[in-house]
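Each chain is listed here by its residues.
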Amino acid sequence: MEINQELLLQKIQEAKKGSQSAFNYLLDKFWNDVYGFQLKKTQNEYEAEDITIQTFSKAFKRLETFDENYSFSTWLIAISKNIHVDILRKKNSQLRINTISEASDKVNTIVDETPSIEDKLITEQNLAQLLQDIKKLKPHYQEVLNLRFFQEKSYKEISESLGEPMNNVKVKLLRAKKLLSEIIEDRKS
């Protein structure tokens, strides 16, 4: 993939200033590189896509740290590799915890895990609060969150429903989740 270096550096500068079209340009140009790298690593399309989304999220948050003397693609792949390593560490740690937990569970008796009335009430209150927080977002972010998490549509289905390219849908979801997490953090503090 031949990329014009001047245009790339210009788009990186624009993205550092918050330009959505520059973010989309970078996502479109480098998505396949990062996704392909992760697909080879994970051999799982879902995991590769999830790690790729996390990679771009982290890269866009930390774009100020990018040194323009180096390759942008290499920088993204390094971020992607680190995210994958972190996930593997968490899985291994969780596996050890689960093994210990399973051993202790054998000693304990079976517990009724049916949610109590209090549990149901807390879940309903949390959902109501989440919906209030989502309503604080711009309508296009509300819509994409609704389609993905409440209607459980795939990226492709959302793309077709909105009449937008799939990469734009992914960026919108990424931004919507980031903004929503900021709203929730602000409310908690």
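Being a predicted model, the structure only gives us computed values, none of them experimental.

Colleague: Explain the overall build of the protein chain to me, please; I cannot follow it from the model alone.
Modeller: A count of helices and strands for the protein chain gives eight helices and zero strands. Start at the N end of the protein chain and walk to the C end: the helices and strands fall as α-α-α-α-α-α-α-α. By residue count, 30% of the 189 residues in the protein chain fall in the buried class. Within the protein chain, counting contacts between residues at least 6 apart in sequence, those at least 24 apart form 58% of the total. For the protein chain, the accessible surface area stands at approximately 12,900 Å², while carbon and sulfur atoms represent 51% of it.

Colleague: When you look at the pattern of salt bridges in this model, what are you seeing that I'm missing?
Modeller: For side chains of opposite charge, pairing can occur when their charged atoms come near one another. Tallying each qualifying case throughout the model produces eight salt bridges. Note that glutamate 49 is salt-bridged to lysine 170, the shortest N-O span being 2.9 Å. Of this pair, glutamate 49 sits in helix α3 (residues 45-61) while lysine 170 sits in helix α8 (residues 166-188), and the two are 121 residues apart along the sequence. Here the two residues glutamate 49 and lysine 170 agree in accessibility, since each one is buried. Where salt bridges share partners, they join Asp133, Lys136 and Arg187 into one cluster.

Colleague: Help me out: how do you make sense of helix α6 (residues 139-150) in this one?
Modeller: Note that an α-helix has 3.6 residues per turn; residues three or four places apart therefore point the same way. Its twelve residues place the ends of α6 15 Å apart at the C-alpha level, agreeing with the 16 Å of an ideal helix rising 1.5 Å per residue. Along α6, the residues that are buried comprise Tyr141, Val144, Leu145 and Leu147. Looking straight down α6, one finds its buried side chains confined to an arc of 165 degrees; they lie on one side. At the C-terminal side of α6, glutamate 152 shows a positive phi close to 55 degrees.

Colleague: Sorry if this is basic, but what is going on with helix α2 (residues 20-42) here?
Modeller: Along α2, the sharpest kink reaches roughly 50 degrees, centred on phenylalanine 30. Within α2 the residues assigned to the buried category are Ala22, Phe23, Asn24, Tyr25, Leu26, Leu27, Phe30, Trp31, Val34, Gln38 and Thr42. The first or second residue beyond α2 is glutamine 43, which carries a positive phi of 60 degrees.

Colleague: Explain a positive patch on the surface to me, please; I cannot follow it from the model alone.
Modeller: On the surface, a cluster of positive charge is made up of Lys58, Lys61, Arg62, Lys90 and Lys178. Positionally, arginine 62 belongs in the loop between α3 and α4 (72-107).

Colleague: Please explain the nonpolar core as it appears in this structure.
Modeller: In a soluble, globular protein the nonpolar side chains are often hidden away together inside. By size, the foremost hydrophobic cluster in this structure holds 40 residues, and its most contacted members are Leu26, Phe30, Phe56, Phe72, Trp75 and Leu76. Going through the elements one at a time, α1 (5-16), α2, α3, α4, α6, α7 (155-162) and α8 are the ones with two or more residues in this core. Here this core gathers at least three residues from each of two domains, domain 1 (5-100) and domain 2 (137-188). Here phenylalanine 72 is in contact with Leu8, Ile12, Leu26, Phe30, Leu63 and Phe66, once residues within four sequence places are set aside.

Colleague: Is there a simple way to explain the environment of leucine 76 in this structure?
Modeller: Along the chain, leucine 76 falls in helix α4. Given a relative accessible area of 0%, leucine 76 falls into the buried group. Residues leucine 76 and valine 34 lie 42 residues apart in sequence; the distance between their C-alpha atoms is 7.0 Å.

Colleague: Got a minute to help me understand the packing of aromatic side chains in this structure?
Modeller: Pairs of aromatic rings are described using the distance from one ring centre to the other and the angle between the two planes. Counting across every chain of the model gives eight aromatic pairs. Here the aromatic rings of tryptophan 31 and tyrosine 35 are separated by 6.3 Å at their centres, their planes lie at 10 degrees, and the arrangement is stacked. Of this pair, tryptophan 31 and tyrosine 35 are both found in helix α2, four residues apart, which corresponds to roughly one turn of the helix. One aromatic cluster is present, formed by Phe23, Trp31, Tyr35, Phe56 and Phe60 through successive ring pairs. Taking the ring centre of tyrosine 155 as reference, the NZ or CZ of arginine 148 above it sits at 4.1 Å. Positioned above the aromatic ring of tyrosine 155, the side-chain terminus of lysine 170 is 5.5 Å from the ring centre.

The rules we used
- Residues numbered from 1 in each chain as written.
- Predicted model: local features only at pLDDT ≥ 70, side-chain atom pairs only at ≥ 80, totals over all residues.
- Heavy atoms only, no water.
- Helix = DSSP H or I, 4+ residues; strand = E, 2+ residues; numbered from the N terminus.
- Buried < 20%, exposed > 50% of the residue type's maximum accessible area, 1.4 Å probe, protein only.
- Contact = heavy atoms within 4.5 Å.
- Areas by Shrake-Rupley, 256 points an atom, 1.4 Å probe, with all protein chains shown as cover.
- Salt bridge = Lys/Arg side-chain N within 4 Å of Asp/Glu carboxyl O.
- Expected span 1.5 Å × (residues − 1).
- Arc of directions from axis to C-beta.
- Bend = angle between axes of the 7 residues up to and from the residue.
- Patch = residues over 30% accessible without salt bridge, like charges linked within 9 Å, V, L, I, M, F, W, Y side chains within 5 Å.
- Lys, Arg positive; Asp, Glu negative; His and termini not counted.
- Charge placed at Lys NZ, Arg CZ, Asp CG, Glu CD.
- Core = buried A, V, L, I, M, F, W, Y, C linked by side-chain atoms within 4.5 Å.
- Domains from an automatic or database assignment.
- Phe/Tyr/Trp six-rings, centres within 6.5 Å; stacked < 30°, edge-to-face > 60°.
- Lys NZ or Arg CZ within 6 Å of the ring centre and 35° of its normal.

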